[in-house]
Amino acid sequence: MTDLFDSHDKKIIAKQIQQLVDELNNYNYAYHTLDESLIDDYSYDQMYRKLVALEALYPELILANSPTQKVGGEVITKFKQINHQIPMLSLNNIFSNLTENNENKHNELIQFNARICKELEVDKLEYVASVKYDGVAISLIYKNGVLKHGVTRGNGFTGEDVTHNIRTIKNIPKVLSGQSIPYTLEVRGEVLIFNDAFNKLNQEQIENNLKVYANPRNTAAGSIRQLDSNIAASRPLHFFAYSIANISEDYLFKTYIEQLNFLKNLGFDIGLYNQVCPDYKALIEYFENTLAKRHELPFAIDGVVYKVNQIDYQTRLGFVMRAPRFSVAHKFPAEEAISQIMNIELQVGRTGAVTPVAKINPVSVGGVIVSNATLHNQDEIKRKDIQIGDYVIVRRAGDVIPEIARVILEKRTDNVRKFIMPDKCPICNSHLIRLTGETITRCSGGLFCDAQKKQSITHFASKLGLNIDGMGEKTVEQLVDYNLINNPAY
Ligand code: IVH
């Protein structure tokens, strides 16, 4: 009986593992090969951790194609393949629970530090904190100071030869500078596009009636994987160096920061945000400062990276599976998440402007639970082809109101339906009017419309108006609902 139960149980686990593997592989393929993100990092990581936990309990059920058994991307064949002498590994991720405001908030970081301090038998460790560039990992190989190869990460062991495109990147040294040039050098870093340059690129696309690019990361990735190097040459790509994978034997470094400065002297851009931190508390400070000014940076980052500064400690800690133990990526809360549109409702503003709002399945975005996302106006719904029932990417960047970035068309079923703008106001039943040439639809009810009435009075009483204490949104709502006031005057 027990055996029967066990085998039944195991079948369920096996199925669960299979599903996780399939789904994660799907996301990996989309991300690494098609340069498309179908899931946010946090949800991906949750699924990945679940798989790791199940595989640890049932090692006999580990599938050969499990993403835990490889580094990521698949190598596609349009380029020459190059084996990495040193594998291009990934980093383990940690997250903070930003909705909590106590010492548990940064638990995962505290545990990371405690674990490696214990392993090295030290009380505290010095780290270098850097920003985590949201771009494409590239390895550059130099011989006698001359750039020979530029290779993508591929599956971590074999990458694609994209030297022709790498050569077009202006800030990558083709010949190293400085006094001390190693015979062999392999430098790793990230190729990305600055926000300004990306916006300019998209402006040009619009002017030429061409497709608008989704985000800088995917555009950078797409540019690097073109056969025609003229395309990469026309894109404003930039390279930041973050590590030395391989160097001629006579170069010995004591610390990671020394390595970074060495790279700088050779002509590489190492960025402005590398900071030596004397202990893990300084890492928390770095994390919080960087998160707060995330949107002031000129390029996209998706977290910060910590590395143990001392190289002999790095060597002692070594690697486990597909990641180093001396380094970790501390991810920011995703500003994008996947959810489903359950309904589209109308919100009537103070001036009668009618805004369609998507009622979505509640989801955590940027550290906050979101259940409404603005759809701006009818044209936006049409442009983005948004339908009720669609799975969508919800975006909440900084202080911006949550919005729908795009529809995940791959997940669309037959059960979706188009939104039709009604001709009457849902609040007061007055006609909705949209003037020719305008994008905004308005309710014609004026102060007859309760929504306009409430918001006019609230605005009148607010700090911008008479600044009447205690006369907030909730109070006004009640006063209007009980017919006690009708407009700002009476
Ligand atoms: S160190 C063993 N430093 O993030 C890999 N990586 O999620 C050591 N990345 O594969 C990498 N910014 O492509 C490092 N400042 C930074 C980084 C960084 C972005 C990328 C890199 C890595 C991935 C891991």
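Please refer to the structure placed before this passage.
(A) Structural view of the sheet that holds strand E2 (residues 93–94). Across the sheet, which stays open at both edges, the 5 strands sit in the order E2-E13-E10-E3-E9 with mixed pairing between neighbours. The open sheet has two free edges, formed respectively by E2 and strand E9 (275–277), since each of these has just one partner strand. The pairing of E2 with strand E13 (residues 327–331) spans 2 bridges and is parallel. Residue pairing for E13: Ile94 is matched across the bridge by His330.

(B) How the structure looks around the packing of helix H3 (residues 107–120) against helix H9 (residues 280–292). Their axes nearest at 10 Å, the elements H3 and H9 cross at an angle of 150°. When the interaxial angle is binned, H3 and H9 end up roughly antiparallel. As H3 runs across H9, the sense of the crossing is right-handed. Along the contact surface, H3 presents Leu109, Ile110 and Asn113, while H9 presents Tyr280, Leu283 and Ile284. The residue makeup of the contact of H3 with H9, split by class, is 5 nonpolar, 1 polar and no charged.

(C) Structural view of the site of the ligand. Of all residues adjacent to the ligand, which total 14 residues, the nearest are Val131, Lys132, Tyr133, Glu190 and Tyr242. A distance of 3.1 Å separates an oxygen atom of the ligand from a polar side-chain atom of Lys132. Contact with the protein chains removes 87% of the 520 Å² of surface that the ligand exposes when unbound. Top contributing element to the shell around the ligand by residue count: strand E3 (residues 127–133), with 4 residues. The residue inventory of the shell around the ligand, partitioned by class, reads 8 nonpolar, 2 polar and 4 charged.

(D) Region of interest: unusual backbone geometry. Phi is positive for Asn144, close to 55°, though the residue is something other than glycine. Of note, Asn144 is situated in the loop between strand E4 (136–143) and strand E5 (146–152). Overall, the relative accessible area of 55% leaves Asn144 in the exposed class. Residues other than glycine seldom take positive phi values, yet Asn483 does so here, at roughly 60°.

(E) Quick look at the pattern of salt bridges. A complete count under the given rule lists 21 salt bridges for this structure. For Glu108, the salt bridge goes to Arg49, with nearest N and O atoms at 3.1 Å. Separated by 59 residues along the polypeptide, Glu108 in helix H3 and Arg49 in helix H2 (residues 41–57) bring together distant segments of the chain. A residue is classified by how much of its surface remains accessible, and Glu108, at 26% relative accessible area, is partly exposed. With a closest N to O distance of 3.8 Å, Lys132 and Asp302 form a salt bridge. Of this pair, Lys132 sits in strand E3 while Asp302 is found in strand E10 (residues 301–308), placing the two residues 170 residues apart along the sequence. Considered together, Lys132 and Asp302 belong to a single accessibility category, that of buried residues. In this structure, a network of salt bridges that share partners links the residues Asp45, Arg49 and Glu108.

(F) Molecular detail of the layout of surface pockets. Of the voids in this model, the second largest pocket is the one considered here, and its volume is about 440 Å³. Taken together, 27 residues make up the lining of the second largest pocket; nearest its centre are Tyr42, Ser96, Asn97, Leu98 and Ser364. Within the residue set of the lining of the second largest pocket, elements represented by two or more residues are H2, H3, strand E14 (336–348), strand E15 (353–365) and strand E16 (368–374). Sorting elements by how many residues they give to the lining of the second largest pocket places H2 first, with 4 residues. Across the lining of the second largest pocket, the residue classes tally to 11 nonpolar, 10 polar and 6 charged.

Conventions and cut-offs
Residues numbered from 1 in each chain as written. Predicted model: local features only at pLDDT ≥ 70, side-chain atom pairs only at ≥ 80, totals over all residues. Heavy atoms only, no water. Pairing = 2+ DSSP bridges. Helix = DSSP H or I, 4+ residues; strand = E, 2+ residues; numbered from the N terminus. Axes fitted to C-alpha atoms, helices over the stretch in contact; angles between N-to-C directions. Parallel < 35°, antiparallel > 145°, perpendicular 65-115°, else oblique. Left-handed = near helix turned anticlockwise from the far one by under 90°. Contact = heavy atoms within 4.5 Å. Nonpolar A, V, L, I, M, F, W, Y, C, P; charged D, E, K, R; others polar. Near = heavy atom within 4 Å. Polar contact = N/O pair within 3.5 Å; in protein donor to acceptor, adjacent residues only side chain to side chain. Areas by Shrake-Rupley, 256 points an atom, 1.4 Å probe, with all protein chains shown as cover. Buried < 20%, exposed > 50% of the residue type's maximum accessible area, 1.4 Å probe, protein only. Salt bridge = Lys/Arg side-chain N within 4 Å of Asp/Glu carboxyl O. 1 Å grid on protein atoms, 1.4 Å probe; cavity = no way out; pocket = protein on both sides within 12 Å on 5 of 7 lines; lining within 4 Å. Points joined across faces, edges and corners; volume = space filled by probe spheres on them.

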